[in-house]
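Fold and geometry: a report
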Amino acid sequence: MKTGSANFGFLKEKHPLLEALGGLAERYFPDDPNTSLLKVRQFGERLSQIVAARLGVYVAEVDTFADTIRRLRDEAGVDRQVIQVFHQLRVSGNDAAHAMGGDHGVALTSLKMARQLAIWFHRGIEGNQAFKAGAFTPPASPP
């Protein structure tokens, strides 16, 4: 998957799948906010699994995204605000998947939230405390 993500490019070296999912969410945003939300949800779920692995939290193959988030909260003590962002990405993505929900406003907010999680991960979990992310680059405007 080649994306060249403006907002998730810093993940490419160690986590190319995360960078690709973020980039696809950006790319789909103008024409298909629903698909953008699905990609952001996939990004959040995969990131939660990586965080769990880094923090030594067991996640079974049958665990749902909600299960993984719960384990991060209960077993690893991940910050409440981070947990809330993971949950919001899950809920928005589920709405997009099951109710065909999601508009450009929700998709843009979700992209920004996913980027904040990526920055938190890159700095705190991956240990790049001095990383300067720069400003969020909005994706192309809707037609």
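Above this text sits the structure in question.
Anyway, here's the lowdown on the structure attached to this text. (Residues numbered from 1 in each chain as written. Predicted model: local features only at pLDDT ≥ 70, side-chain atom pairs only at ≥ 80, totals over all residues. Heavy atoms only, no water.)

1. Overview of the overall build of the protein
A tally of helices and strands in the protein yields 5 helices and 0 strands. Relative to the compact-globule value of 15 Å for 143 residues, the protein shows a C-alpha radius of gyration of 14 Å, a close match. Judged by the C-alpha coordinates and their principal axes, the protein covers about 45 × 35 × 25 Å. Classification of the 143 residues of the protein by burial places 45% in the buried group. In the protein, of all internal contacts separated by at least 6 residues, the share reaching a separation of at least 24 is 58%. Put simply, the protein shows about 7,500 Å² of open surface, and 51% of that area lies on carbon and sulfur atoms. Of the side-chain charges in the protein, 17 are positive and 15 negative, and the distance between the mean point of each set is 5 Å. (Helix = DSSP H or I, 4+ residues; strand = E, 2+ residues; numbered from the N terminus. Rg over C-alpha atoms; globule rule 2.2 N^0.38 Å. Buried < 20%, exposed > 50% of the residue type's maximum accessible area, 1.4 Å probe, protein only. Contact = heavy atoms within 4.5 Å. Areas by Shrake-Rupley, 256 points an atom, 1.4 Å probe, with all protein chains shown as cover. Lys, Arg positive; Asp, Glu negative; His and termini not counted. Charge placed at Lys NZ, Arg CZ, Asp CG, Glu CD.)

2. Description of the nonpolar core
Ranked by size, the top nonpolar core spans 33 residues in total, and within it Phe8, Leu11, Phe43, Leu47, Leu72 and Phe86 carry the most contacts. The leading source of residues in this core is helix 5 (residues 104–125), at 8 residues. Discounting residues that sit within four places of it in the chain, leucine 11 has contacts with Pro16, Leu18, Glu19, Phe43, Ala118, Phe121 and His122. (Core = buried A, V, L, I, M, F, W, Y, C linked by side-chain atoms within 4.5 Å.)

3. Digging into the side chain of glutamate 126
Within the secondary structure layout, glutamate 126 lies in the segment after helix 5. Exposure remark for glutamate 126: the relative accessible area of 14% places this residue in the buried category. There is a polar contact of 2.9 Å between the side chain of glutamate 126 and the side chain of arginine 54. (Polar contact = N/O pair within 3.5 Å; in protein donor to acceptor, adjacent residues only side chain to side chain.)

4. Some words on the environment of proline 139
Secondary-structure assignment places proline 139 in the segment after helix 5. Between the C-alpha atoms of proline 139 and leucine 108, which are 31 residues apart in sequence, the distance is 8.3 Å. Not counting the four nearest positions on each side in its chain, proline 139 is found in contact with Glu26, Phe29, Leu108 and Leu111.

5. Thoughts on helix 3 (residues 65–76)
Taking 1.5 Å of rise per residue, 12 residues should cover 16 Å, and helix 3 covers 15 Å from first to last C-alpha, within 8% of that figure. Turning to helix 3, its buried residues number three or more, namely Phe65, Ala66, Thr68, Ile69 and Leu72. Contacts made by the buried residues of helix 3 are with helix 2 (33–54) and helix 4 (80–99). Immediately downstream of helix 3, the backbone of glycine 77 shows phi near 65°, a positive value. (Expected span 1.5 Å × (residues − 1).)

6. Regarding the packing of helix 2 against helix 3
Helix 3 packs onto helix 2 with a crossing angle of 40° between their chain directions and a minimal axis gap of 10 Å. Classified by the angle between their axes, helix 2 and helix 3 sit oblique to one another. Seen from above, helix 2 lies across helix 3 with left-handed handedness. Here Arg41, Gly44, Glu45, Ser48, Gln49, Val51 and Ala52 of helix 2 lie close against helix 3, whose contacting residues are Phe65, Thr68 and Leu72. Looking at the contact of helix 2 with helix 3 residue by residue, the classes come out as 4 nonpolar, 4 polar and 2 charged. (Axes fitted to C-alpha atoms, helices over the stretch in contact; angles between N-to-C directions. Parallel < 35°, antiparallel > 145°, perpendicular 65-115°, else oblique. Left-handed = near helix turned anticlockwise from the far one by under 90°. Nonpolar A, V, L, I, M, F, W, Y, C, P; charged D, E, K, R; others polar.)

7. Digging into the packing of aromatic side chains
For the structure on display, the rule yields 3 aromatic pairs. Residues phenylalanine 10 and phenylalanine 131 carry aromatic rings whose centres are separated by 4.7 Å and whose planes lie at 40° to one another, so their mutual orientation is tilted. On the criterion of sequence distance, the pair formed by phenylalanine 10 in the segment before helix 1 (16–28) and phenylalanine 131 in the segment after helix 5 is long-range, its members being 121 residues apart. As far as the burial class goes, phenylalanine 10 and phenylalanine 131 line up, both buried. (Phe/Tyr/Trp six-rings, centres within 6.5 Å; stacked < 30°, edge-to-face > 60°.)

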